[in-house]
Amino acid sequence: MIRNFRPLAQALGLAFGLSALAAPAGADPFVKCVQQQLTDLGYAAGQPDGRLTQQTKGAWQALRQAKAGTALLAALPPLSQKTAIHWCRELPALKTGLERHMPSAAPVRILADTPNVEKGIRQAYDKVLRFMDREYGIVLAGHIGIGAAGNTKDVQTYVRRLLRDMSSARFNPDASIAAHCNKPFGVAGAAYLKFMYICWDNPHEADNAWLKRSRKWLGMMMAHEYMHLVQAELGGARSEGFHSNSLRARMGPAWLVEGSAEVVAARFGKRALRLRAPGLAELHEWSLKSKKSLRGMRAHKTVSTSGDYDFAHYAVHILTRISGEEALFTFWRRLNAGQNWEQAFKGAFGVALAEFETQVMELRKRPGTARAYISKMRRKQS
């Protein structure tokens, strides 16, 4: 079962908040993206130099007035260097071709220990990218890097290099990587704000047989970690400082963060890899392995065991059966708009956060009751 290869994303918390992609003083890659997009839309944004000039702001104001009825754009915060990433990501909805200006349009940077590993990583990433665009209409605006190897020291070297080249943050990730990767007979992954790493217990060179065997688990892990990057970007965590107090607030409850990534990975497995996705009854049974309450898995690092991941998956599966998977992205967009967890949760899913957490704990006690709850909530929301 692919589910045995559980992505371990706890290093996510260490890396959330890395500063913006290195650029000349006063320049910003997302401001440059918006300038180019505005120009293509017919608004005189000025020289695409990554500096938020008055001319760029004027072009943006003109666009916003002309597109006042566009709900997605109306929900975005005013343009600033910090929020340009969101405008860069959403403006392509107005015109085909604008996506070419996003930093993410550049090939993903991959540091791998063998050519076959690089090939496998690139294939998995491209497949997930197409899936996210097709299924949810969303891709990252920001450029990312990926480090991958079957040796912990190699992964540490790759991540340090990515940190050096893509961030001004100063910290040593070696201990966190070792905690994830120094585990026999398994694989692990972690999503950072601008990159991810994937490691596995494989001291031998990845041959063609490995490449074939890895297709499924690597794809599932890539989908899980990519969803974490989407959460960080939509919620605004990518734009926060490394030690920002608002960092955690931009991500949401840990069970929702991890459960959403599990739901997206399961759908990817079904649609792109032709794997069987677990159903409600199966997820309920697996969730019982967790000894925690849902509320007890709000804080960082509280989703830690296989059972915890299954419980989070079960809870988010119920949410999406009620409100649809698109509501997951709505939650993080609302966080970016300044709402707190409770406001964003109620707005996205139509139920209070604490009320839902309590209800799910009751549903776990009585097998088979979740379907009735889902039906009731659907009727209530309609």
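Please refer to the structure higher up on the page.
Residues numbered from 1 in each chain as written. Predicted model: local features only at pLDDT ≥ 70, side-chain atom pairs only at ≥ 80, totals over all residues. Heavy atoms only, no water.

A. Representation of the layout of surface pockets. There is about 500 Å³ of room inside the largest pocket. Around the largest pocket, the lining comprises 22 residues; the ones closest to its centre are Glu99, Met102, Asp133, Ile138 and Val139. Mapped by element, the contributors of at least two residues to the lining of the largest pocket are α5 (84-90) and α6 (115-136). Taken together, the residues of the lining of the largest pocket sort by class into twelve nonpolar, three polar and seven charged. (1 Å grid on protein atoms, 1.4 Å probe; cavity = no way out; pocket = protein on both sides within 12 Å on 5 of 7 lines; lining within 4 Å. Points joined across faces, edges and corners; volume = space filled by probe spheres on them. Helix = DSSP H or I, 4+ residues; strand = E, 2+ residues; numbered from the N terminus. Nonpolar A, V, L, I, M, F, W, Y, C, P; charged D, E, K, R; others polar.)

B. Seen up close, the packing of helix α12 (residues 306-323) against helix α15 (residues 353-365). Closest axis-to-axis distance for the α12/α15 pair is 11 Å, and the angle between their directions is 110 degrees. The orientation of α12 with respect to α15, classified from their angle, is roughly perpendicular. As α12 packs across α15, the resulting crossing turns out to be right-handed. Here Phe311, Tyr314, Ala315, Ile318 and Leu319 of α12 lie close against α15, whose contacting residues are Phe356, Val360, Met361, Leu363 and Arg364. Partitioning the contact of α12 with α15 into residue classes produces nine nonpolar, no polar and one charged. (Axes fitted to C-alpha atoms, helices over the stretch in contact; angles between N-to-C directions. Parallel < 35°, antiparallel > 145°, perpendicular 65-115°, else oblique. Left-handed = near helix turned anticlockwise from the far one by under 90°. Contact = heavy atoms within 4.5 Å.)

C. A look at the state of the cysteines. Evaluated as defined, the whole model comprises two disulfides. There is a disulfide in this structure between Cys33 and Cys88, and the S-S distance comes to 2.2 Å. Looking down the S-S bond of the Cys33 and Cys88 bridge, the torsion is 85 degrees, so its handedness is right-handed. Placement of the pair is Cys33 in helix α2 (residues 29-40) and Cys88 in helix α5, with a sequence separation of 55 residues. No difference in accessibility class separates Cys33 from Cys88, as the two residues are buried. In the protein, the cysteines engaged in disulfides, taken in order along the sequence, are linked 1-2, 3-4. (Disulfide = S-S within 2.5 Å. Buried < 20%, exposed > 50% of the residue type's maximum accessible area, 1.4 Å probe, protein only.)

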